[in-house]
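One-letter residues, chain by chain:
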Amino acid sequence: MTSFMSRRDLFLFAGFTGVVLLLPILAAPFGAAYPDLLQRFMIFGIFATGFNILFGLTGYLSFGHAAFFGIGSYAAMWSFKLLSLNAVPALLFALIVSGVFALAIGYVSLRRSGIYFSILTLAFAQMCYNLAYSVLTPITNGETGLRMALDDPRYLDRLFAEPAAGMPVPSLFGMSLGGWNGFYFSAFFLIASFLLAMRIFNSPFGLALKGIKSNQTRMNYTGFNTRPYTLTAFVISGMLAGLAGALLVVTDPLAGAERMRWTASGEVVLMTILGGVGTLVGPVIGAWIIKYFENIFSSFNANVLNNFYSFLPDGVREVAVTISSKFVGEGWHLSLGLVFVLIVVFLPGGLMEGFRRIAAWLGRMGNGSKRASQVGVQPAE
Amino acid sequence: MFEVIFLQFLNGLDKGSAYALIALGLTIVFGTLGVVNFAHGALFMIGAFCAVAFRYLLTLETVHVDPTKLSPWGQPLEVREPLVQAWFGDFGAILVNYSVPLSLLLAVPVMLLVGVAMERGLIKFFYKRPHAEQILVTFGLAIVIGEVIKALFGPNPHPQPMPTDLRGAADIGAWLGMQAGVITYPLWRLVYFLFAIAIIGAVFAFLQFTTFGMVVRAGMADRETVGLLGINIDRRFTIMFGIAAIVAGMAGVMYTPLLPPSYTLGMEFLVISFVVVVVGGMGSLPGAVAAGFLLGILQSFASMTQVKAILPGIDQIIIYLVAVVILLVRPRGLMGRRGVMEA
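Keep in mind that what you see is a predicted model, and the values were worked out from it rather than measured.

Quick notes on the overall build of chain B
Item 1. Scanning chain B for helices and strands turns up 15 helices and four strands.
Item 2. Relative to the globule expectation of 20 Å for 343 residues, the C-alpha radius of gyration of chain B, 23 Å, shows essentially globular dimensions.
Item 3. Taking the principal axes of the C-alpha coordinates as reference, chain B spans close to 80 × 55 × 35 Å.
Item 4. A burial count over chain B gives 46% of its 343 residues as buried.
Item 5. For chain B, the share of sequence-separated contacts (at least 6 apart) that also reach a separation of at least 24 residues comes to 73%.

Following this line, the structure appears as structure tokens:
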């Protein structure tokens, strides 16, 4: 095992796996321990991990990753409709289709770098979105969104058995994927993606990607042809986005075009930056925090706020409620945007950098005269 | 056939004007400060909401119940009296009628203030940071501005009526000596186009023929040398940011009768105007204007039924398709200078 990964990585991986698997218990004090939300944690964790493989390692900022997410959703849905209600072929199909798209889009977009790359990916994603809304309606069902129907062909299923009565729901070899089963199913893929990301970060391939981020010209001069490396990273991250999209269809059997909008692409950027770009656990944490607060804040309304401020005198309370109600509920994106701006300005390394600074500070406090660099706690990376 | 083509050409002009104005501001910001401003669409939106706010102020009214007048059901009538009309009489009615163009008076100082505050308050900290971080912080700012607008004005679009004299269509065909009634074009779009031309001309004249503009152009070419000559180039660039904001805001004000503004307006226009800037060439002002009109007109042609019959869906993607092709075959855009952001 030691040859497979270093001792430190082993601890990190074991810790991450433990946290993910125990999340139903750990999240309970925060009121987040229900399968639907936790499953979203897993799915967007995968999405952000994949995005981080591209942006965190190579520095290429893609503003179109939601396209692969949406394509994965549609592909999985078509697999449910045409082949089988089993989730495995759906995920495979989604991986293949999003991989093909990522290969094509990446091949073209990666010819340019910097802001042009961002604009190119954005342009491709907007094309996918606009087409999904208009001309491709036979495939995507346009604005209504694609969902399963009773009379879908499902050729593979029908080979073996007559279709059961009732609405079709995705399953895993006959096992239902609702509730906690669905959570552990997605958790498995998050852990697998995390392992993949960890292996990439520590591999020569990952080192080459980091080299591209710090100085692509120099990499070219040392004899590296960087294009295949960036393209591989792009395809991997696109496939993980497709996987996340497919898993979302397993939870919530509706694939709609708005998942491909560029605001959705922006969301995964937010997650990655918030958590800490280029770190292993950062993006996952960012995804969890955003999904958690999206869920909690959206449910806040005037009543909740009134209770919260009940210690204040009446006049002051009304003012406080009016002001804070702009930041929660419908307006929670405002808080998100503000936090995001603050993070980019003051903590470009995201929350992980914040943890690192706090740890270093604690180290200095604890060790008086010793130099911080000697005792600075190495963050989980 | 000529009429059809000419009409589509005209139809593309108003959208093209909006694209050109936003892209012009974006290019000014990029050319002077070197900042990729993802919040520029938000400035366009703030301008549009200046028009909404201005009209709201003009149409404030007093409501009182008049017991002497009775409705047919015998209830006392509510009498509403707009304050502006109470104070100014008929002149007040004219003010309300022309609220959209008059909002420019409100929009110019507001946009200057917003622009300078934005540059001094946030963007100046990002000159030396990588472009990716500039994109991120201005993207976050765009979200915040959109949400503030949503909190203030609600999530629904606010339709703005155009002045009654400028409703209806202009018979451009007849003006040009062709058969009457063949080529007609909504009057307000014509106004918008002429307005855009005037603004663009003013910006270019300002840069070309004033000392201030000359210094700014010199600073765009070589900021360091201009600074060494003892000129406070930073302050001038801040003012240019304010001017870019004013251009975007005025474009937003005049566009409100064509498209009711809502809080998503900024994001909708931002993506396209970035594509416009890239097509025109980063940092090239004439390029941005030309590409704006070009893409507006192309979009208009792509939405012809004859074209859509051959290439279904082309109207949805034409702009992005053009951008992809341009970026791949001519990296510096149509009129970009060699070596500027060509990587």
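Structure's up, so let's keep going.
Observations concerning the interface of chain B and chain A
Item 1. Each partner contributes to the interface: chain B provides 32 residues, whereas chain A provides 36 residues.
Item 2. Elements that contribute at least two residues to the side of chain B that touches chain A include exactly α6 (131-153), α12 (265-280) and α15 (314-329) of chain B.
Item 3. Sort the elements by how many residues they give to the side of chain B that touches chain A and α6 of chain B lands first, with 14 residues.
Item 4. In the side of chain B that touches chain A, the residues fall into 26 nonpolar, four polar and two charged.

With respect to the nonpolar core
Item 1. Of all hydrophobic cores here, the largest spans 209 residues; its most connected members are Phe 47 and Ala 244 of chain A together with Leu 24, Val 275 and Ala 323 of chain B.
Item 2. Not counting the four nearest positions on each side in its chain, Phe 47 of chain A is found in contact with Phe 69, Ala 241, Ala 244, Val 268 and Ala 287 of chain A.

Describing the domain arrangement of chain A
Item 1. Its domain assignment divides chain A into domain 1 (7-280), domain 2 (300-348) and domain 3 (349-381).
Item 2. Taking only C-alpha atoms into account, the centre of domain 1 of chain A sits 32 Å from that of domain 2 of chain A.

Looking at the pairing of strand β1 (residues 61-70) of chain B
Residues and elements named next belong to chain B.
Item 1. Counted residue by residue, β1 has zero buried out of ten residues, so it is predominantly exposed.
Item 2. Of the strand pairs in this sheet, β1 and strand β2 (residues 76-82) are connected by seven bridges, and their pairing is antiparallel. Within β2, the residue paired with Asp 66 across the bridge is Leu 77.
Item 3. Hairpin remark: β1 followed by β2, antiparallel, with five residues in the connecting loop; positive phi at Gly 74, about 85°.

Observations regarding helix α13 (residues 285-302) of chain B
Item 1. With 18 residues, α13 of chain B extends 26 Å from end C-alpha to end C-alpha; this agrees with the ideal 26 Å at 1.5 Å per step.
Item 2. Among the 18 residues of α13 of chain B, 15 are classified as buried, and the element is accordingly described as predominantly covered.

Considering the environment of Leu 298 of chain B
Residue and element names in this part refer to chain B.
Item 1. With respect to the helices and strands, the residue Leu 298 is situated in helix α13.
Item 2. Separated by ten residues in sequence, Leu 298 and Ala 288 have C-alpha atoms that sit 15 Å apart.
Item 3. Setting aside residues no more than four positions away along its own chain, Leu 298 makes contact with Ile 318 and Val 322.

Observations regarding the UniProt feature "transmembrane region" (unreviewed entry) in chain B
Item 1. Cross-referencing UniProt, the feature "transmembrane region" (unreviewed entry) maps to residues 16-35, 42-58, 91-114, 135-153, 190-216, 237-258, 270-297 and 309-329 of chain B in the present numbering.
Item 2. What you have in residues 16-35 of chain B is 90% helix and 0% strand, and the ends, taken at the C-alpha atoms, are 24 Å apart.

Looking at the packing of helix α2 (residues 40-58) of chain B against α6 of chain B
Residue and element names in this part refer to chain B.
Item 1. One can describe the packing of α2 onto α6 by two numbers: an axis separation of 9 Å at closest approach and a directional angle of 15°. Between α2 and α6, the crossing angle belongs to the class labelled roughly parallel. Viewed along their axes, α2 and α6 form a crossing whose handedness is left-handed. Listed contacts from α6 to Gly 41, Ala 42, Met 45, Ile 46, Phe 49 and Val 52 of α2 are Ala 142, Ile 145, Gly 146, Ile 149 and Phe 153.
Item 2. Classifying every residue of the contact of α2 with α6 by side-chain character gives nine nonpolar, two polar and no charged.

Things to note about the UniProt feature "transmembrane region" (unreviewed entry) in chain A
Residues and elements named next belong to chain A.
Item 1. In the numbering used here, UniProt assigns the "transmembrane region" (unreviewed entry) feature to residues 37-55, 86-108, 115-136, 183-209, 229-248, 268-289 and 332-355.
Item 2. Across residues 86-108, helical content stands at 96% and strand content at 0%; the span's end C-alpha atoms are separated by 34 Å.
Item 3. In this annotation, residues 332-355 is assigned 88% helix and 0% strand; the end-to-end C-alpha distance for the span is 25 Å.

Brief notes about the environment of Ala 309 of chain B
Residue and element names in this part refer to chain B.
Item 1. Secondary-structure assignment places Ala 309 in helix α14 (residues 305-310).
Item 2. Ala 309 gets classed as exposed once you count the C-beta atoms within 10 Å, which come to 8.
Item 3. For the pair Ala 309 and Met 250, spaced 59 residues apart in the sequence, the C-alpha separation amounts to 37 Å.

Rules behind the numbers
- Residues numbered from 1 in each chain as written.
- Chains lettered and ligands numbered in written order.
- Predicted model: local features only at pLDDT ≥ 70, side-chain atom pairs only at ≥ 80, totals over all residues.
- Helix = DSSP H or I, 4+ residues; strand = E, 2+ residues; numbered from the N terminus.
- Rg over C-alpha atoms; globule rule 2.2 N^0.38 Å.
- Buried ≥ 20, exposed ≤ 12 C-beta atoms within 10 Å, placed from the backbone.
- Contact = placed C-beta atoms within 7 Å.
- Nonpolar A, V, L, I, M, F, W, Y, C, P; charged D, E, K, R; others polar.
- Core = buried A, V, L, I, M, F, W, Y, C linked by C-beta atoms within 7 Å.
- Domains from an automatic or database assignment.
- Pairing = 2+ DSSP bridges.
- Expected span 1.5 Å × (residues − 1).
- UniProt positions renumbered as here; feature names shortened; annotations may be inferred.
- Axes fitted to C-alpha atoms, helices over the stretch in contact; angles between N-to-C directions.
- Parallel < 35°, antiparallel > 145°, perpendicular 65-115°, else oblique.
- Left-handed = near helix turned anticlockwise from the far one by under 90°.

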